[in-house]
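# A structural walkthrough
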Amino acid sequence: MSNKPAVLRQLNIKSGISKRVLKEHILYAKEAEEQQRKLDKLIANNAEEWDVKNARRILEESHRMIKDSDNRLGKAVQNLRELVLRAKSQPEFAEDVELLHAEEALEEASVHFDSKVSA
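Residues numbered from 1 in each chain as written. Predicted model: local features only at pLDDT ≥ 70, side-chain atom pairs only at ≥ 80, totals over all residues. Heavy atoms only, no water.

## Structural notes on the overall build of the protein chain
- Scanning the protein chain from N- to C-terminus turns up three helices and zero strands.
- Mapped from its N terminus to its C terminus, the protein chain presents α and β elements in the order α-α-α.
- The C-alpha radius of gyration computed for the protein chain amounts to 20 Å, which surpasses the reference 14 Å derived for 119 residues by more than 25%, pointing to a less compact arrangement than a globule.
- Considering the protein chain as a whole, with its 119 residues, one finds that 29% of them fall into the buried category. (Helix = DSSP H or I, 4+ residues; strand = E, 2+ residues; numbered from the N terminus. Rg over C-alpha atoms; globule rule 2.2 N^0.38 Å. Buried < 20%, exposed > 50% of the residue type's maximum accessible area, 1.4 Å probe, protein only.)

As C-alpha cells, then:
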C-alpha cells in the first residue's frame, strides 16, 4: 500500500466499476418490470402462443441478467470495500479526495446490494 498513485488509481477504477455495475443492475431491473407488463398484457389480450412464449423467453433472459449483475455488483462492492479499508488504515490517505469518492460509491452500491441481499 505504499505506492500511493497506484492505490489512488485502483480506488478510482474500482469506484467506477461499482457505479457502472449498479447502474446496469438498475436498468436490468427496470427492463424486467417492463417485460413483465408486456407479458401480462399479452396474456390478458389472449395473444398468440408464439408471442406469449417469446415474451416469456425475453423475461427469463432479463432475470438472468439481473442475477448476473447481482453477482458482479457483489464482487465489485467486496473489492472496493477491501481496498477502501486498506487505504483508510494508511495515514497518507486520510483526507484524500479519491478515497472520499470511493467511500461514496461504496456506500451507494452497498445500500442497494445489501437491500437486495436482505430481501
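## Here's the deal with the side chain of Ser62
- Tracing the backbone shows Ser62 in helix α2 (residues 49-88).
- You can call Ser62 buried: its relative accessible area is 3%.
- At a separation of 3.4 Å, a polar atom in the side chain of Ser62 contacts the side chain of Glu31.
- If we ignore the near neighbours within four places in the chain, the residues touching Ser62 are Glu31, Ala32 and Gln35. (Polar contact = N/O pair within 3.5 Å; in protein donor to acceptor, adjacent residues only side chain to side chain. Contact = heavy atoms within 4.5 Å.)

## Things to note about the pattern of salt bridges
- According to the stated counting rule, one finds seven salt bridges in the structure shown.
- The salt bridge partner of Arg72 is Glu24, with a shortest N-O separation of 2.8 Å. Highlighted residues: Arg72 in helix α2 and Glu24 in helix α1 (residues 4-44), separated in sequence by 48 residues.
- The exposure class assigned to Arg72 is partly exposed, which follows from its relative accessible area of 26%.
- Between Glu103 and Lys88 there is a salt bridge whose closest N-O contact spans 3.2 Å. Of this pair, Glu103 sits in helix α3 (residues 97-118) while Lys88 sits in helix α2, and the two are 15 residues apart along the sequence.
- For Glu103, a relative accessible area of 25% puts it in the partly exposed group. (Salt bridge = Lys/Arg side-chain N within 4 Å of Asp/Glu carboxyl O.)

## Some thoughts on the packing of aromatic side chains
- In total, this model carries zero aromatic pairs according to the counting rule given.
- The ring of Phe93 is capped by Lys4, whose NZ or CZ atom sits 5.7 Å from the centre of that ring. (Phe/Tyr/Trp six-rings, centres within 6.5 Å; stacked < 30°, edge-to-face > 60°. Lys NZ or Arg CZ within 6 Å of the ring centre and 35° of its normal.)

## Quick look at the environment of Asn3
- Assignment of secondary structure puts Asn3 in the segment before α1.
- When the C-alpha positions of Asn3 and Ile66 are compared, they lie 36 Å apart, and in sequence the two are 63 residues distant.

## Looking at the packing of α1 against α2
- At their nearest, the axes of α1 and α2 sit 8 Å apart, and the two run at 160 degrees to each other. The angle between α1 and α2 places the two elements in the roughly antiparallel class. With respect to the hand of their crossing, α1 and α2 are arranged in left-handed fashion. (Axes fitted to C-alpha atoms, helices over the stretch in contact; angles between N-to-C directions. Parallel < 35°, antiparallel > 145°, perpendicular 65-115°, else oblique. Left-handed = near helix turned anticlockwise from the far one by under 90°.)

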